[in-house]
Amino acid sequence: MAAVIPRYALYGEGDGIAPGGFAHIETIAERSALHDWEIGAHRHDHFVQVLLVEEGHASVTLDGETTELESPGRVIVPAAAVHGFRFRQGTRGFVLTLSTDFSTRAVGAGDPLLTMLAQGGIAQLSAEAAARALWLAREMLGLQQEWQQQDPLFLALAESLIRTIGRGEGGAGAAVGDDQRLARFRQLVELHYRQHRDLDFYADALGLTRRTLSRLTAARLGCSPMDLIHRRLALEAQRLLRYTNATATQVAAELGFDDPSYFSRFYLRITGRRPGDDRQ
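Attention in this report is confined to the structure presented alongside it. (Residues numbered from 1 in each chain as written. Predicted model: local features only at pLDDT ≥ 70, side-chain atom pairs only at ≥ 80, totals over all residues. Heavy atoms only, no water.)

**So, the sheet that holds strand β1 (residues 23-27)**
- Strand order across the open sheet formed by five strands is β1-β8-β3-β6-β9, with antiparallel pairing between neighbours. Sheet topology places β1 and β9 (121-124) at the edges, where each strand pairs with a single neighbour. Strand-to-strand twist across the sheet, computed as the mean angle between neighbouring axes with direction ignored, equals 10°.
- Summarising the sheet, β1 and strand β8 (residues 92-99) pair through five bridges and their orientation is antiparallel. By the bridge assignment for β8, His24 is matched with Thr97.
- Across the face of the sheet, helix α3 (residues 127-144) comes into contact with β1, β3 (47-55) and β8 while running at roughly 110° to β1. (Pairing = 2+ DSSP bridges. Helix = DSSP H or I, 4+ residues; strand = E, 2+ residues; numbered from the N terminus. Axes fitted to C-alpha atoms, helices over the stretch in contact; angles between N-to-C directions. Contact = heavy atoms within 4.5 Å.)

**Quick look at the packing of aromatic side chains**
- Taken as a whole and judged by the stated rule, the model has seven aromatic pairs.
- Between Phe257 and Tyr262, the ring centres sit 6.0 Å apart and the planes meet at 40°, which makes this aromatic pair tilted. (Phe/Tyr/Trp six-rings, centres within 6.5 Å; stacked < 30°, edge-to-face > 60°.)

**Describing the pairing of strand β6 (residues 73-77)**
- Among the five residues in β6, five count as buried, and that is most of the element.
- Side-chain alternation along β6 places Gly73, Val75 and Val77 on one buried face and Arg74 and Ile76 on a second face that is also buried.
- Bridge count between β3 and β6: five bridges; the pairing is antiparallel. Bridge pairing in β6 places Leu52 opposite Arg74.
- Bridging between β6 and β9 involves four bridges; their strand directions are antiparallel. Its bridge partner lying in β9, Ile76 is registered against Gly121. (Buried < 20%, exposed > 50% of the residue type's maximum accessible area, 1.4 Å probe, protein only.)

Following this line, the structure appears as structure tokens:
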């Protein structure tokens, strides 16, 4: 690759993998004020980030889409999503960083916590939710002054914060068994999408028939299993095209396409655009 998307451990600083159970909170100003209130496009492969805007304005870019967020509001950035922030000077709020194993705090496969951490998103907060979330954030910031790694109280407050800002989302659905199989399917896709595995590979790994897997994704996601795999592959291609100076041919090779022409047709079919349209 001619260039790579910056990978950070914390919000705008450094890289690397932290130990399991990692959690950290800081104010928006603590880092962004040092960078003229702007954090450029980057990603966290092993972390989920939560941004709380208490007062002010944030321009949030998440996988190429830019949203203007007025306070009070929140952003949940899933692991590996390319994102960046531009804040109005003086914006107040908090940034919470959690290792991806935080999802093990979910009480079951149907827990909305899993959806919030995996899919993320941007939303305004009601006055009540904002007041509760900001109180929790301040308590966590105070606890962090006497930092102990994997502090159970800190992690419990973090869970309460995420559930507070996501209340009313996720929710009802099909049986827990379906949720478990879909979650496992998504994990397998994340691990193997670059290898262009066929549908039999995923069905066998899940202990399902191809037909059952297809029915499951159609009922719950409104698409076929291969649609989901291809969307994930196209999303990674889009990230590389938009946020690196790699050519379409380099991106094709990086993602396991032997034929750059086939990659271009694939990208056009999935995104409706040609690779050149999404280059820097």
